[in-house]
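Residue-level structure breakdown
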Amino acid sequence: MHKADLLVVEDDPALARLVSYNLEKQGYMVRHAADGEAALEYVRQRRPDLILLDWMLPGISGLEVCRRLREQARTAALPIIMFSARGEEADAIRGLDTGADDYLVKPFSMDALFARVKAILRRAPPADKTLRFDTLVMDRVSHKVERDGRLLSLGPTEYRLLEFLMLHPAQVFSREELLKHAWERSSFVELRTVDVHIRRLRQTLNEGGGVDLIRTVRARGYALDKVQDPD
């Protein structure tokens with residue numbers, strides 16, 4: 001049975017340890033990030049089943065983390081419980097309007113937290129742990145990708161590009177759209193960099209032969225598709 005993977009984003013070490021310890025006792029797999037940057041980096045590498053997100057974080061606030069996650073296709077539906085010492089109704093509304101699924105006011109009891117986590121996970125849409133397209137298989141838990149049973153060696157950016165394309169097969173995306181979904185908003189990346197990473201991804205996918213699954217659409221962008229445009 002799959003253990004839900006939770007990410008606790010909290011800069012108070014004592015509270016982070018308390019929450020993590022009690023959630024682990026409930027049978028969850030728990031990871032911790034101490035600030036917004038670390039949380040976003042973790043999610044880039046591995047999509048958790050639920051995030052417990054403190055509002056007041058050093059650097060990037062919890063509100064901004066939530067907003068950025070909601071802007072990304074792969075994390076738009078990622079369950080988020082926000083918690084904060086800000087107990088005014090207006091604060092809770094602001095947190096929910098930003099995209100949080102639930103809002104807890106500090107201090108809260110562990111029983112209240114457990115109830116919220118269980119309720120959110122029950123109604124959360126199941127995340128696809130395995131993506132398939134033609135002979136490609138992506139395990140999003142172990143971050144392994146195979147084609148025809150052959151394990152592929154992908155860098156982090158190529159992995160994110162392929163994951164996004166596998167989530168939207170046969171759809172054509174411009175370089176700007178791929179930049180938005182495979183790179184962080186704060187990254188300053190030229191459009192031609194997308195072409196470089198697409199070329200690396202294509203080379204890796206095609207090392208063992210077979211149909212080229214990356215379709216280039218002139219003046220538009222790229223798609224994951226077995227149907228190639230005629231020359």
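- Per an unreviewed UniProt entry, the protein is named Phosphate regulon transcriptional regulatory protein PhoB, and its organism is Acetobacter fabarum.
- For the record of the protein, the UniProt heading Function (unreviewed entry) holds the text "This protein is a positive regulator for the phosphate regulon. Transcription of this operon is positively regulated by PhoB and PhoR when phosphate is limited."
- On record in UniProt, under Subcellular location (unreviewed entry), the comment for the protein is "Cytoplasm".

1. Overview of the pairing of strand β3 (residues 50-54)
- With 5 of its 5 residues buried, β3 lies for the most part within the structure.
- The two faces of β3 match: Leu50, Leu52 and Asp54 on one face and Ile51 and Leu53 on the other face are all buried.
- Of the pairings in the sheet, the one linking β3 to strand β4 (residues 80-84) comprises 4 bridges and is parallel in character. Within β4, the residue paired with aspartate 54 across the bridge is phenylalanine 83.
- One crossover worth recording links β3 to the parallel β4 by way of helix α3 (residues 62-71), and it is right-handed.

2. Quick notes on the domain arrangement of the protein
- Parsing the protein into structural domains produces domain 1 (3-121) and domain 2 (128-222).
- Averaged C-alpha coordinates put domain 1 and domain 2 at centres separated by 29 Å.
- The partner domain 2 presents 14 residues to the 12 residues of domain 1 that form the contact.
- Both sides together, the interface formed by domain 1 and domain 2 hides about 1300 Å², and carbon and sulfur atoms give 40% of it.
- In terms of surface lost to domain 2, no three residues of domain 1 exceed Arg44, Gln72 and Arg74, which account for 41% of the buried area on that side.
- At the junction of domain 1 and domain 2, the tally comes to 0 salt bridges.
- Taken together, the connections running from domain 1 to domain 2 amount to 1 residue pair in polar contact (both at pLDDT 80 or more).
- Where the side of domain 1 that touches domain 2 is concerned, the elements lending two or more residues are α2 (36-45) and α3.

3. Thoughts on the packing of aromatic side chains
- By the definition in use, this model includes 3 aromatic pairs.
- With a centroid separation of 6.3 Å and an interplanar angle of 85°, the aromatic rings of tryptophan 55 and tyrosine 103 are classed as edge-to-face. Note that tryptophan 55 is positioned in the loop between β3 and α3 and tyrosine 103 in strand β5 (residues 102-105), a separation of 48 residues in sequence. Summarising the burial analysis for this pair, tryptophan 55 and tyrosine 103 share the class buried.
- Across the ring face of tryptophan 55, the terminal group of arginine 86 is positioned such that the distance to the ring centre comes to 4.5 Å.

4. Topic: the pattern of salt bridges
- Inspection of the entire model under this criterion finds 14 salt bridges.
- In this structure, the salt-bridge partner of arginine 86 is aspartate 91, at a minimum N-O distance of 3.5 Å.
- Of the residues examined, arginine 86 reaches a relative accessible area of 31% and is grouped as partly exposed.
- Via salt bridges that share partners, Glu10, Asp54 and Lys106 belong to a single interconnected network.

5. Some remarks on helix α5 (residues 110-123)
- Given a rise of 1.5 Å per residue, 14 residues ought to cover 20 Å, and the 20 Å separating the end C-alpha atoms of α5 matches this to within 8%.
- Listed in full, the buried residues belonging to α5 are Met110, Leu113, Phe114, Val117 and Ile120. Looking straight down α5, one finds its buried side chains confined to an arc of 135°; they lie on one side. What points out from α5, more than 90 degrees from its buried face, is the exposed set Asp111, Arg122 and Arg123.
- Where α5 is buried, its residues meet β1 (5-9), α1 (13-25), β3, β4 and β5.

Parameters and conventions
- Residues numbered from 1 in each chain as written.
- Predicted model: local features only at pLDDT ≥ 70, side-chain atom pairs only at ≥ 80, totals over all residues.
- Heavy atoms only, no water.
- UniProt positions renumbered as here; feature names shortened; annotations may be inferred.
- Buried < 20%, exposed > 50% of the residue type's maximum accessible area, 1.4 Å probe, protein only.
- Helix = DSSP H or I, 4+ residues; strand = E, 2+ residues; numbered from the N terminus.
- Pairing = 2+ DSSP bridges.
- Right-handed = clockwise from strand over helix to strand, strands pointing away.
- Domains from an automatic or database assignment.
- Contact = heavy atoms within 4.5 Å.
- Buried area = accessible area lost by both parts, 1.4 Å probe.
- Salt bridge = Lys/Arg side-chain N within 4 Å of Asp/Glu carboxyl O.
- Polar contact = N/O pair within 3.5 Å; in protein donor to acceptor, adjacent residues only side chain to side chain.
- Phe/Tyr/Trp six-rings, centres within 6.5 Å; stacked < 30°, edge-to-face > 60°.
- Lys NZ or Arg CZ within 6 Å of the ring centre and 35° of its normal.
- Expected span 1.5 Å × (residues − 1).
- Arc of directions from axis to C-beta.

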